[in-house]
Amino acid sequence: MNTPAHLLLGWAAFGRRGAPRHEWAALAGALAPDLSLYLLAGGSIFVLGIPPSVVFRDLYYSDLWQGIFAVDNSFVVWGLLLLVAVWRQARWGVAFAGAGLLHLALDFPLHHDDGRAHFWPLSDWIFASPVSYWDRAHHAAIVGPIEAMLCLLCAILLWRVGPSVWRKLGIAALMVMEGVAVMPGFFIDI
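For clarity, every value in this text was computed on a predicted model and none was experimentally measured.

Draft legend 1. Region of interest: the layout of surface pockets. If you add up the space inside the second largest pocket, you get close to 370 Å³. Every residue lining the second largest pocket is counted, 17 residues in all, and those nearest its centre are W11, W24, L27, W166 and R167. Considering only residue class, the lining of the second largest pocket consists of ten nonpolar, four polar and three charged.

Draft legend 2. Layout of the nonpolar core. Counting residues in each nonpolar core, the largest one holds 22 residues, and the members touching the most others are L8, L9 and W11. Breaking this core down by element, the ones donating at least two residues are α1 (3–14), α2 (20–47), α6 (91–107), α7 (140–161) and α8 (165–182). Discounting residues that sit within four places of it in the chain, L8 has contacts with C151, C154, L158, L174 and M175. Among the nonpolar cores identified, the runner-up in size contains seven residues, and L37, A41, V55 and Y60 belong to it.

Draft legend 3. Local environment of the confidence of the model for the protein. When the pLDDT values of the protein are averaged, the result is 92; 95% of them are 70 or greater. Within the protein, α8 has the poorest average pLDDT of any element, 88, and helix α5 (residues 75–87) the best, 98.

Draft legend 4. Spatial organisation of the side chain of R116. Looking at where R116 falls in the secondary structure, it is placed in the loop between α6 and α7. Buried and without a salt bridge, R116 has D72 as its closest oppositely charged side chain, separated by 4.6 Å. At a separation of 3.2 Å, a polar atom in the side chain of R116 contacts the side chain of Y60. When neighbours within four sequence positions are excluded, R116 is seen to be in contact with P33, L37, Y60, Q66, F69, N73, W125 and I126.

Here is what the cut-offs are and how they apply
- Residues numbered from 1 in each chain as written.
- Predicted model: local features only at pLDDT ≥ 70, side-chain atom pairs only at ≥ 80, totals over all residues.
- Heavy atoms only, no water.
- 1 Å grid on protein atoms, 1.4 Å probe; cavity = no way out; pocket = protein on both sides within 12 Å on 5 of 7 lines; lining within 4 Å.
- Points joined across faces, edges and corners; volume = space filled by probe spheres on them.
- Nonpolar A, V, L, I, M, F, W, Y, C, P; charged D, E, K, R; others polar.
- Core = buried A, V, L, I, M, F, W, Y, C linked by side-chain atoms within 4.5 Å.
- Buried < 20%, exposed > 50% of the residue type's maximum accessible area, 1.4 Å probe, protein only.
- Helix = DSSP H or I, 4+ residues; strand = E, 2+ residues; numbered from the N terminus.
- Contact = heavy atoms within 4.5 Å.
- pLDDT = per-residue confidence, 0-100.
- Lys, Arg positive; Asp, Glu negative; His and termini not counted.
- Salt bridge = Lys/Arg side-chain N within 4 Å of Asp/Glu carboxyl O.
- Polar contact = N/O pair within 3.5 Å; in protein donor to acceptor, adjacent residues only side chain to side chain.

What follows is the structure, encoded as C-alpha cells:
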C-alpha cells in the first residue's frame with residue numbers, strides 16, 4: 001500500500017479519540033516500516049545524486065537495503081514490540097505497535113517482486129504475492145481503487161471524530177497524497 005494509506009488506516013484503527021499521544025503513536029507506527037525506504041532512497045537520490053532508476057532497480061534489492069528492510073518490516077520484531085507494550089500496559093505503545101503490524105499485514109499480500117523478509121530473524125523468506133499495489137501487471141488497477149475507498153472511509157471516520165482544524169488539515173493532506181498516488185498514470189511498469 002501507499003504510505004498515506006497506511007497512515008490513514010493506522011490512525012483510524014489505533015488512534016484514540018481525545019488522546020493525541022495515542023494518535024501520534026498510531027501515525028508513527030504506521031509510518032515506521034516505510035521510514036528506512038524514504039531515508040535510504042531520499043539520501044541516495046537527493047544527497048548522493050544517484051538516479052532514481054538505479055536506486056529502485058539496484059540499490060532497493062541490494063543485500064544491505066534488504067537487510068535493513070527486514071528489521072523494520074518483521075512481524076517478529078513488531079509482535080515483540082506489541083507484547084512489551086501490552087505487558088507494560090502502555091496504550092500508546094499498543095497504538096504504535098498495532099499500527100506497525102497493520103502496516104505489515106496490509107503490505108504482505110500486496111508486493112509481487114518487491115516484498116520484504118517479514119519473518120526476520122526466523123527466516124529470510126520473502127513472499128512473492130500475485131498481487132501488487134503499484135504494478136499494473138499484477139492487478140494494481142484493481143487494488144488502487146479499493147485502497148482509495150478504504151482511505152476515504154477512514155478519512156470520514158477520522159473527520160467525524162475530531163473538531164481540530166489541524167486534524168482535519170492532516171486528514172485532507174493524506175487524502176490528497178493518496179489520491180495522487182492511486183490516480184491513473186501514477187502506476188508504472190518497471
